Amino acid sequence: MRDYPTATVRTRVTVPLRFGDGYSVDAELVTFHGLTDGLEHLAVVLGEPGANPLVRLHSECLTGDVFGSARCDCGPQLREAVERIANRGGVLLYLRQEGRGIGLYNKLDAYALQDQGLDTYAANAALGLPEDGRDYTAAAQMLQALGIDSLDLLSNNPDKAEQLRDLGIDVSHRVPTGVFTTAHNVRYLRAKVLQTHHTLPLPELTAG
């Protein structure tokens, strides 16, 4: 297990969340002191978390989460996760890891290369960037500060579960998210399956 410093809760505040499709829920937003990467990650506590809550690690995606970009599935995944976690009780960690950790400008540079035919991972490599630069130490710190050491992880990404386990968090089950395809993101989703073994059913990845 990797050793890392303890983080502490900084602020808790209740915020009513409202989504464009009409769904609404009250959430508790939690900030932290002492996160290892110094970024302003946020915990969104939903429902009544139990002994083994449902947790999602959601990496920030300005284009998808805010502007509704159809080039990824981030916005629909965020919307789905909030409702599923609220229904069961758990936490969504909103992590400031734009573009799988490479940042917004680099992500848009990679988009330009994808328009020339490269997939999302090859585009990062062509820019001299990692395929996935995310580290989840801060996520483990946040969970432990919230008193969570065992959870079910809402994710299609096996790396998230492996990293959390290496950081001492007991991931009981990995629960898949839905498949959200558009005419613009099928190649992106296929690349996630083929390159990093995301648990998405390939036959469903057809435009529509």
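Engineer: Help me understand the overall build of the protein, please; the structure alone is not making it clear to me.
Structural biologist: Counting its secondary structure elements, the protein contains seven helices and seven strands. Each of the 208 residues in the protein was classed as buried or not, and the buried ones make up 48%. If you take every contact in the protein between residues at least 6 apart in sequence, the share linking residues at least 24 apart comes to 62%. Split by element, the accessible area of the protein, about 9,800 Å² in all, is 52% carbon and sulfur.

Engineer: In this structure, what is going on with the sheet that holds strand S1 (residues 8-18)? I would like to understand it.
Structural biologist: To summarise the sheet geometry, strands pair through backbone hydrogen bonds and adopt either a parallel or an antiparallel arrangement. Across the sheet, seven strands lie side by side as S1-S2-S3-S5-S4-S6-S7; this open sheet has mixed pairing. The open sheet has two edge strands, S1 and strand S7 (170-175), and neither has a second partner. On average, each strand axis in the sheet is tilted by 30 degrees relative to the strand beside it, whichever way the strands run. As defined by bridge partners, strand S6 (residues 150-154) adjoins S7 across five bridges and the pair is classed as parallel.

Engineer: Mind showing me how you'd approach the packing of aromatic side chains here?
Structural biologist: Two aromatic rings, taken as a pair, are described by how far apart their centres are and by the angle between their planes. For the structure shown, the criterion picks out one aromatic pair. Both rings, one in phenylalanine 19 and one in tyrosine 23, keep their centres 6.1 Å apart while their planes meet at 40 degrees; by these two values the pair is tilted. When the ring centre of tyrosine 111 is taken as reference, the NZ or CZ atom of arginine 71 above it lies at 4.3 Å. Lying over the aromatic face of phenylalanine 19, arginine 79 brings its terminal NZ or CZ to 5.6 Å of the ring centre.

Engineer: When you look at the pattern of salt bridges in this model, what are you seeing that I'm missing?
Structural biologist: Opposite charge on two side chains makes pairing possible when the charged atoms of those side chains draw close. Within the structure shown, the criterion is met by nine salt bridges. Residues aspartate 21 and arginine 79 are paired through a salt bridge, measuring 2.8 Å at the closest nitrogen-oxygen approach. Note that aspartate 21 is positioned in the loop between S1 and strand S2 (24-33) and arginine 79 in helix H2 (residues 74-88), a separation of 58 residues in sequence. Note that arginine 88 is salt-bridged to aspartate 152, the shortest N-O span being 2.7 Å. Here the residue arginine 88 occupies a position in helix H2, and aspartate 152 occupies one in strand S6, the gap between them amounting to 64 residues.

Engineer: What should I look at first to understand the pairing of strand S3 (residues 42-46) in this one?
Structural biologist: Where a strand is regular, its side chains alternate between the two sheet faces. Within S3, four of the five residues are buried, leaving the element largely enclosed by the surrounding structure. Sheet topology places S3 next to strand S5 (residues 90-95); five bridges connect them, and they run antiparallel. Along S5, the bridge assignment pairs alanine 43 with leucine 93.

The rules we used
Residues numbered from 1 in each chain as written. Predicted model: local features only at pLDDT ≥ 70, side-chain atom pairs only at ≥ 80, totals over all residues. Heavy atoms only, no water. Helix = DSSP H or I, 4+ residues; strand = E, 2+ residues; numbered from the N terminus. Buried < 20%, exposed > 50% of the residue type's maximum accessible area, 1.4 Å probe, protein only. Contact = heavy atoms within 4.5 Å. Areas by Shrake-Rupley, 256 points an atom, 1.4 Å probe, with all protein chains shown as cover. Pairing = 2+ DSSP bridges. Axes fitted to C-alpha atoms, helices over the stretch in contact; angles between N-to-C directions. Phe/Tyr/Trp six-rings, centres within 6.5 Å; stacked < 30°, edge-to-face > 60°. Lys NZ or Arg CZ within 6 Å of the ring centre and 35° of its normal. Salt bridge = Lys/Arg side-chain N within 4 Å of Asp/Glu carboxyl O.

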